Amino acid sequence: MGAINYTWLQQYGRITTEASVESVYEMPMAALRQPEKAREMLEVYNKHLQAESIRSAAVYFMHSVRGLMLGIHYMTALCDTWVDLSLENMNLQLEVKDGRAAFCFQLVDGTEHSYPSPVSPTDATKTSSRTDVLTSYYREQLRPLIEGVASAGGANPGQMWSQLASMLRWYKTTALQMNIEEAECEAVIEGYEHVIAMPADLLGLKKNVLSFKPVEIDNPHQPGETMLMKPVCCLHHQVYGGQNYCYSCPKLSKAERQERYDAIVAAKSG
């Protein structure tokens, strides 16, 4: 385990200890538990997102929320300490760059905290404490956040949770390719497997949608290799006035995906 890499947190989680100088809107994260406050955020967000509806904006908001998920998994698996990613300790800040809207999360208190140390090398205390942190975070932070925004936007919480599934698997794959120790690899895998096996009711769902059967498709960006199909549509086609479905969208037919594949390869070859 090592020190927290704040550059990593900012790059992949959009988690920062400093206020954004480019923010066009901000509010306390804890307020999003309240549907009326979440609705206010979605209306401002959608002025820039240009989604088909507030419901689409609510689902698309998960593109930012996944940063919190990545942050908590990164710290519990690879760091000796952790910073408080609770809703009460963060401000939500909306940035708009080149016409694209995205949120970042500013920590109010950036104090680092230590995990309990094991009594002996074979003691499971440290491992248990880290998976307990994950359980608590999903239940007490992500769930009320998602439910508040879903209620405000009239969205299905299950569809919103599903947006995190492929990114969670991406994190596991990416982290295992990093220059990390065997114990850290085990911690990454354990955190992933712990979360996809959590009881569905802990997420407020009838099924834990974070667990899904991966489907491999040809990767047009790296011909000869494969990539994962998304387990659920992210509504990319419903924002910014209407765009194409993602190449990896499960809604594309086989023929449509091949057409998109050929177009991407042709564009890359010049």
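Everything discussed here concerns the structure shown above.
Residues numbered from 1 in each chain as written. Predicted model: local features only at pLDDT ≥ 70, side-chain atom pairs only at ≥ 80, totals over all residues. Heavy atoms only, no water.

**A word on the overall build of the protein**
Right, on to step 1. Each helix and strand in the protein was counted, giving nine helices and eight strands.
Right, on to step 2. In summary, the protein has a C-alpha radius of gyration of 19 Å against a globular reference of 18 Å for 270 residues, a match within 12%.
Right, on to step 3. Seen along its three principal axes, the alpha-carbon backbone of the protein occupies a region of about 60 × 45 × 40 Å.
Right, on to step 4. Looking at the protein as a whole, 46% of its 270 residues are labelled buried.
Right, on to step 5. Long-range contacts, defined here as pairs at least 24 residues apart, represent 66% of the contacts in the protein between residues at least 6 apart.
Right, on to step 6. Carbon together with sulfur atoms contributes 48% to the accessible area of the protein, which is approximately 13,200 Å² in total.
Right, on to step 7. Averaging the locations of the 24 positively and 31 negatively charged side chains of the protein gives two centres separated by 9 Å. (Helix = DSSP H or I, 4+ residues; strand = E, 2+ residues; numbered from the N terminus. Rg over C-alpha atoms; globule rule 2.2 N^0.38 Å. Buried < 20%, exposed > 50% of the residue type's maximum accessible area, 1.4 Å probe, protein only. Contact = heavy atoms within 4.5 Å. Areas by Shrake-Rupley, 256 points an atom, 1.4 Å probe, with all protein chains shown as cover. Lys, Arg positive; Asp, Glu negative; His and termini not counted. Charge placed at Lys NZ, Arg CZ, Asp CG, Glu CD.)

**Here's the deal with the side chain of Thr 131**
Right, on to step 1. For Thr 131, the position within the fold is in helix H5 (residues 125-153).
Right, on to step 2. Judged by relative accessible area, Thr 131 falls into the buried class, the value being 12%.
Right, on to step 3. With residues up to four places along the chain from it excluded, the contact list for Thr 131 reads Glu 190 and His 194.

**Topic: helix H4 (residues 62-78)**
Right, on to step 1. With 17 residues, H4 ought to run about 24 Å at 1.5 Å a step, and its terminal C-alpha atoms sit 24 Å apart, in line with that.
Right, on to step 2. The buried fraction of H4 amounts to 15 of the 17 residues, a majority that puts the element mostly inside the structure. (Expected span 1.5 Å × (residues − 1).)

**Let's talk about the environment of Ser 114**
Right, on to step 1. Within the secondary structure layout, Ser 114 lies in strand S6 (residues 112-114).
Right, on to step 2. Here Ser 114 falls in the exposed class, since its relative accessible area comes to 57%.
Right, on to step 3. Residues Ser 114 and Val 83, 31 residues apart in the sequence, show an inter-C-alpha distance of 9.1 Å.
Right, on to step 4. With residues near it in sequence (within four places) discarded, Ser 114 still touches Asp 80, Thr 81 and Trp 82.

**Some details on the side chain of Asn 208**
Right, on to step 1. Here Asn 208 shows up in the loop between helix H8 (182-196) and strand S7 (216-218).
Right, on to step 2. Within the structure, Asn 208 has its side chain in polar contact with the backbone oxygen of Val 195 (distance 3.1 Å).
Right, on to step 3. Ignoring sequence-local partners within four residues, the contact set of Asn 208 consists of Val 195, Ile 196, Ala 197, Met 198, Ala 200 and Leu 203. (Polar contact = N/O pair within 3.5 Å; in protein donor to acceptor, adjacent residues only side chain to side chain.)

**Description of the packing of aromatic side chains**
Right, on to step 1. Applying the stated criterion across every chain yields a total of nine aromatic pairs.
Right, on to step 2. Seen in terms of ring centroids, Phe 61 and Phe 103 are 5.2 Å apart; in terms of plane orientation they differ by 85°. Their pairing is edge-to-face. Of the two residues, Phe 61 sits in the loop between helix H3 (54-60) and H4 while Phe 103 sits in strand S5 (residues 100-107), which places them 42 residues apart along the sequence. Across this residue pair, the class does not change: Phe 61 and Phe 103 are buried.
Right, on to step 3. Considering the side-chain rings of Tyr 247 and Tyr 261, the 6.4 Å spacing of their centres and the 45° angle between planes classify their relative orientation as tilted. Of this pair, Tyr 247 sits in the loop between strand S8 (226-228) and helix H9 (254-269) while Tyr 261 sits in helix H9, and the two are 14 residues apart along the sequence. Across this residue pair, the class does not change: Tyr 247 and Tyr 261 are buried.
Right, on to step 4. Taken together, the ring pairs connect Trp 8, Tyr 12, Tyr 74, Trp 170 and Tyr 171 into an aromatic cluster.
Right, on to step 5. Of note, Arg 100 hangs over the ring of Tyr 240, and the distance from its end group to the ring centre comes to 4.0 Å. (Phe/Tyr/Trp six-rings, centres within 6.5 Å; stacked < 30°, edge-to-face > 60°. Lys NZ or Arg CZ within 6 Å of the ring centre and 35° of its normal.)

Geometric values such as these leave the question of function open.
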